[in-house]
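What follows is the residue order along each chain.
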Amino acid sequence: MARERLYLFDTTLRDGAQTNGVDFTLADKLAIARLLDELGIDYVEAGYPGANPIDTALFAERRPLHAKLTAFGMTRRPGRSASNDPGLVALLDAQADAVCLVAKSWDYHVRVALETTEEENLASIRDSVRAAKAKGREVLLDCEHFFDGYKANPGYAIACAKAAHADGARWVVLCDTNGGTLPHEVERIVGAVCAQIPGDHVGIHAHNDTEQAVANSFAAVRAGARQIQGTLNGLGERCGNANLVSIIPTLKLKRDYADKFDIGVSDEALARLARVSHALDELLNRAANRHAPYVGESAFATKAGIHASAIVKEPATYEHVAPERVGNKRKLLVSDQSGRSNVLAELERIGLAIDKDDPRVIRLLDEVKEREAAGYAYEAADASFELLARRLLGKVPHYFDVEKFDVNVEQRINARGERVTVSQAVVKIKVGKEELISVAEGIGPVNALDLALRKDLGEYQKYIEGLELTDYRVRILNGGTGAVTRVLIESADETGDHWTTVGVSANIIDASFQALMDSIVYKLVKSGAKA
Ligand SMILES: [Zn+2]
């Protein structure tokens, strides 16, 4: 039986950007768009051109993606023509493949929020869809508050959807804007809509206010809808949007959906899903949800006990899907095979292949586990892992010692009478028999320490000239006064390589020092510097 095509529409960069505390830069948005594109998402809704400078800049030029880059905006305002509404004009000028127009579909909102007539709202939908079509854009109409509108006045809600469809909108998207609709209601209402508009022109946009956005999306698909809108990790205002990271594997791996539908996500892309999910958290500088379905660190973790050996022998008996399918890992006990094979695979990847029965494999595994329990994050810090492994194998030359450092922060009034905070670092290192002392001032204490450390490495200085710190992230691991600080530093060099190092300590300067040292030593090893 031929499978039907089901389309995925991501709005992480538009609806997801409404999340409290989320503030994407243009570079963030482009990086996330690329992640989504590589995943095989059909539509990437990247923002609201004209509403803010970042989104306007994003849509000012063509962005090469396989996905259809989609611009979001409003239908024309009541009482204006489409060509005389600056918001709509800006939207239609955006360099986008598709345009998603949002319109009211609840009669109550038309009267109270728009202060216009039902007829004028329908005319606005028709005119705006036509104007976007005339510009050669694929058109989607988001019917805001569709489900509440349908419950209050089904005839009018459907009339809004039909108006858009009749005038050529590719998709009519039914939005559960306040997230309060339940799955059985979604199934019934979407079924009623699909009796009047073909389901392969109907989409669902669900919010998670009753924690059923994913279930609501599937209810809509069962009732005939063929486009699902959602976000990575369920990002979105209030309780979030439908989580595509849960929806995608369900569509790919659960037979009821997999037998019936094709989506743009390949098996290979699915195997990178966990990485995509974690990459977004890294970008937002927040901890990944360990308990996230499919991709969370605990999603396939089993505690010691009677199950452990059975899982190793026959994983399918305990796991609803194979973790590798979504790029996740099975987690068992300290002596477990998967941890050992992960370490072996990592060693091979970095060119340190050793015999699988070498006792140092277990020692490295134990060391990684012990340090991760203390707060180190080796999955995120590839270079620190490599150094740890190389040290254990005796493959890191002894380049230099930091005998002591001193970091000082001073607040004072400067010559112009302004209150300023100045940071200064003094570092004393020993290279062979030579003692070197460097002093540097920096924007902050970590910057000062970094500058002082890299100021004079004696004979090794030439190897680190091209070393550059490109990102610095701090996370407090367990709140309160006993908190531990984890610092991740990303570095790059003149060859375009980049790597990440980690430091952990109760003291932020000390954690930063560890990560800085790892970065420098890694660069020396990488450059082939000899001790
Ligand atoms: Zn929304």
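Structure shown above.
In terms of helices and strands, the protein chain carries 19 helices and 16 strands. Seen along its three principal axes, the alpha-carbon backbone of the protein chain occupies a region of about 85 × 70 × 40 Å. Counting all 531 residues of the protein chain, 50% fall into the buried class. In the protein chain, the proportion of contacts linking residues at least 24 apart, taken out of those at least 6 apart, comes to 65%.

Here helix 16 (residues 359-374) contains 16 residues, and its C-alpha end-to-end distance of 23 Å stays within 8% of the 22 Å for a straight helix at 1.5 Å per residue. The opening residue of helix 16 is Asp358, an N-cap whose side-chain oxygen sits 2.8 Å from the backbone nitrogen of Arg360. Downstream of helix 16 by one or two residues, Gly375 has phi in the positive range, about 125 degrees.

Attention now moves to the coordination of the zinc ion. The coordination sphere of the zinc ion contains the protein donors Asp15 (OD), His205 (NE2) and His207 (NE2), at a distance range of 1.9 to 2.2 Å. Given a relative accessible area of 4%, His205 falls into the buried group.

One open sheet holds the 3 strands; their spatial order is 14-15-16, and the pairing between them is antiparallel. With partners counted over all chains shown, the strands left at the sheet margins are strand 14 (468-476) and strand 16 (498-505), one partner each. Direction aside, the axes of adjacent strands within the sheet are offset by 20 degrees on average. With 8 bridges joining them, strand 14 and strand 15 (residues 485-492) adopt antiparallel strand pairing. Bridging across to strand 15, Leu469 finds its partner in Ser491.

Once that is clear, we can look at the environment of Ala316. Relative to the assigned elements, Ala316 resides in the loop between helix 14 (306-313) and helix 15 (337-349). Distance from Ala316 to Glu403, taken between C-alpha atoms, is 54 Å for residues 87 residues apart in sequence.

Here 9 bridges tie strand 12 (residues 419-431) to strand 13 (residues 434-442), and the two strands are oriented antiparallel to one another. Its bridge partner being in strand 13, Lys430 is matched across the sheet by Glu435. Hairpin connection between strand 12 and strand 13: a loop of 2 residues separates the two successive antiparallel strands, and Gly432 in this loop has a positive phi of roughly 60 degrees.

Residues three or four positions apart in an α-helix share a direction because the helix packs 3.6 residues into each turn. Of the residues making up helix 13 (residues 273-283), those classed as buried are Leu273, Ala274, Val276, Ser277, Leu280 and Asp281. Along the axis of helix 13, the buried residues cluster in a sector spanning 170 degrees; they form a single face. Check the buried side of helix 13 and you find it contacts helix 1 (26-39), helix 10 (244-253) and helix 12 (267-270). Within two residues after helix 13, Asn285 carries a phi angle of roughly 50 degrees, on the positive side.

Moving on to the state of the cysteines. On inspection of all chains with the given rule, the structure shows 0 disulfides. There is no disulfide at Cys160, and the cysteine sulfur nearest it, in Cys143, is 6.5 Å away. Judged by relative accessible area, which is 0%, Cys160 ranks as buried.

We now examine the pairing of strand 4 (residues 68-74). Burial within strand 4 is extensive, with 5 of its 7 residues counted as buried. Once the chain exits strand 3 (residues 43-47) it traverses helix 2 (residues 53-58) before rejoining the sheet at strand 4, and the crossover so formed is right-handed. With 5 bridges connecting them, strand 4 and strand 5 (residues 98-104) associate as parallel partners. Bridge pairing links Ala71 to Val99 in strand 5. Of the crossover connections in this fold, the one passing from strand 4 over helix 3 (residues 86-93) to the parallel strand 5 is right-handed.

Before going further, it helps to spend a moment on the sheet that holds strand 2 (residues 7-10). An order of 2-3-4-5-6-7-8-9 is seen for the 8 strands of this closed barrel, with the pairing classed as parallel. Along the sheet, successive strands turn relative to each other by an average axial angle of 25 degrees, direction set aside. Bridging between strand 7 (residues 171-176) and strand 8 (residues 202-206) involves 5 bridges; their strand directions are parallel. In the strand pairing of strand 8, Val173 is matched with Gly203.

As a further point, take the side chain of Gln229. Mapped onto the fold, Gln229 is located in strand 9 (residues 227-230). There is a polar contact of 3.1 Å between the side chain of Gln229 and the side chain of Gln227. The residues contacting Gln229, other than those within four sequence positions of it, are Phe9, Leu140, Asp142, Val173, Ile204, His205 and Ala242.

With that settled, the discussion passes to the packing of aromatic side chains. Tallied over the full model, the rule gives 14 aromatic pairs. A ring pair is formed by Tyr257 and Phe261, whose centres lie 6.5 Å apart and whose planes are at 20 degrees; its orientation type is stacked. Of the two residues, Tyr257 and Phe261, both sit in the buried class. Note on Phe405 and Phe513: the rings are 4.6 Å apart at their centroids and 40 degrees apart in plane angle, and the pair reads as tilted. One end of the pair, Phe405, is in strand 11 (residues 401-413); the other, Phe513, is in helix 19 (residues 508-526), and 108 residues separate them in sequence. For Phe513, a relative accessible area of 14% puts it in the buried group. The ring of Tyr7 has Arg170 sitting right over it, with the charged end atom 5.7 Å from the ring centre. Positioned over the ring face of Trp171 is Arg170, at 4.1 Å from the centre of the ring.

Calculation criteria
Residues numbered from 1 in each chain as written. Predicted model: local features only at pLDDT ≥ 70, side-chain atom pairs only at ≥ 80, totals over all residues. Heavy atoms only, no water. Helix = DSSP H or I, 4+ residues; strand = E, 2+ residues; numbered from the N terminus. Buried < 20%, exposed > 50% of the residue type's maximum accessible area, 1.4 Å probe, protein only. Contact = heavy atoms within 4.5 Å. Expected span 1.5 Å × (residues − 1). Polar contact = N/O pair within 3.5 Å; in protein donor to acceptor, adjacent residues only side chain to side chain. Donors = N, O, S within 2.8 Å, 3.2 Å for Na, K, Ca; no water. Pairing = 2+ DSSP bridges. Axes fitted to C-alpha atoms, helices over the stretch in contact; angles between N-to-C directions. Arc of directions from axis to C-beta. Disulfide = S-S within 2.5 Å. Right-handed = clockwise from strand over helix to strand, strands pointing away. Phe/Tyr/Trp six-rings, centres within 6.5 Å; stacked < 30°, edge-to-face > 60°. Lys NZ or Arg CZ within 6 Å of the ring centre and 35° of its normal.

Worth remembering: the numbers are spatial, not functional.
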